[in-house]
Amino acid sequence: MKDDKQFKKEDSSAADSSADSVDEYLQTLGNEDARELRYYSQEQPFSAEEMTRLINEERLNKLLAQSDEFLSSLNSELRDFEDDGS
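Residue positions are given per chain, counted from 1 along the sequence in the order it is written. It should be noted that, the model being predicted, local features are given only for residues of pLDDT at least 70 and side-chain atom pairs only at 80 or more, the latter also being counted only at that level, while totals for whole chains, interfaces and linings use all residues. With hydrogens and water excluded, all non-hydrogen atoms of the structure serve as input to the side-chain values.

Digging into the overall build of the chain
Quick reminder of the rule: In this text, helices come from DSSP runs of H or I with a minimum length of four residues, and strands from runs of E with a minimum of two, each type numbered from the N-terminal end. Three labels apply to residues, based on accessible area from a 1.4 Å probe with only protein chains included: buried if under 20% of the type maximum, exposed if over 50%, partly exposed otherwise in between. All accessible areas in this document rest on Shrake-Rupley with a 1.4 Å probe, and a residue is counted as covered only by the protein chains that are shown.
Helix and strand counts for the chain stand at four helices and zero strands. For the chain, the sequential pattern of α-helices and β-strands runs α-α-α-α. Counting all 86 residues of the chain, 1% fall into the buried class. Summed over its atoms, the accessible surface of the chain is roughly 8400 Å², and 52% of this surface lies on carbon and sulfur atoms.

This is how it looks when you write it as structure tokens:
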């Protein structure tokens, strides 16, 4: 009988700690700063050496050139749009 009470007490404390963890997590969801801190604390920074190994420089340069072309054409279109609207 005494063992049953002890088991229930231990079981209750385990449930409390799980509930506390869930409650803490839910509170961080509503708090923007806490959510950002939680997100960034899970990041794993890369060293410069690792980044150099991971990045395909040729492909990156092609993508940058494409983005420059796109932005240039977009600026041109916007200027034409502004000129037509005047």
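Once you've had a look at it, read on.
Considerations on the pattern of salt bridges
Side chains that differ in charge, positive against negative, can pair when their charged atoms come close. Put simply, the test is: Between Lys or Arg on one side and Asp or Glu on the other, a salt bridge is scored when a side-chain nitrogen of the former is within 4 Å of a carboxyl oxygen of the latter.
Per the counting criterion, the structure on display carries one salt bridge. Between K62 and E58 there is a salt bridge; the shortest N-O distance is 3.7 Å. Taken together, the residues span about one helical turn, with K62 and E58 both in helix α4 (residues 57-85) at a distance of four residues. By relative accessible area, which is 54% here, E58 ends up exposed.

A closer look at a nonpolar patch on the surface
To keep things clear, this is the line we draw: Nonpolar side chains (Val, Leu, Ile, Met, Phe, Trp, Tyr) within 5 Å and like charges within 9 Å form the patches, drawn only from residues with over 30% relative accessible area and no salt bridge.
A cluster of nonpolar side chains, contributed by F46, M51, L54, I55, L60 and L64, occupies part of the molecular surface with about 550 Å² of accessible area. Its place among the elements puts L64 in helix α4. On the accessibility criterion, L64 (44% relative accessible area) is partly exposed.

Points about a negative patch on the surface
Worth spelling out the cut-off: Residues counted as positive are Lys and Arg, residues counted as negative are Asp and Glu, and His and the chain ends are not counted. Note that the charge is assigned to NZ on lysines, CZ on arginines, CG on aspartates and CD on glutamates.
A cluster of acidic residues, E77, D80, E82, D83 and D84, forms a negative patch at the surface. One can find D80 in helix α4.

So, the confidence of the model for the chain
Applicable threshold: The score called pLDDT rates the predictor's confidence residue by residue, from a low of 0 to a high of 100.
Taken residue by residue, the chain gives an average pLDDT of 76. The fraction at 70 or more is 79%. Least confident of the elements in the chain is helix α1 (residues 2-30), whose mean pLDDT is 63; most confident is α4, at 89.

Digging into the environment of R38
Short version of the rule: When checking whether two residues touch, look at their non-hydrogen atoms; a contact exists if any pair is within 4.5 Å.
In this fold, R38 is placed in helix α2 (residues 32-41). Not counting the four nearest positions on each side in its chain, R38 is found in contact with Y25 and T28.

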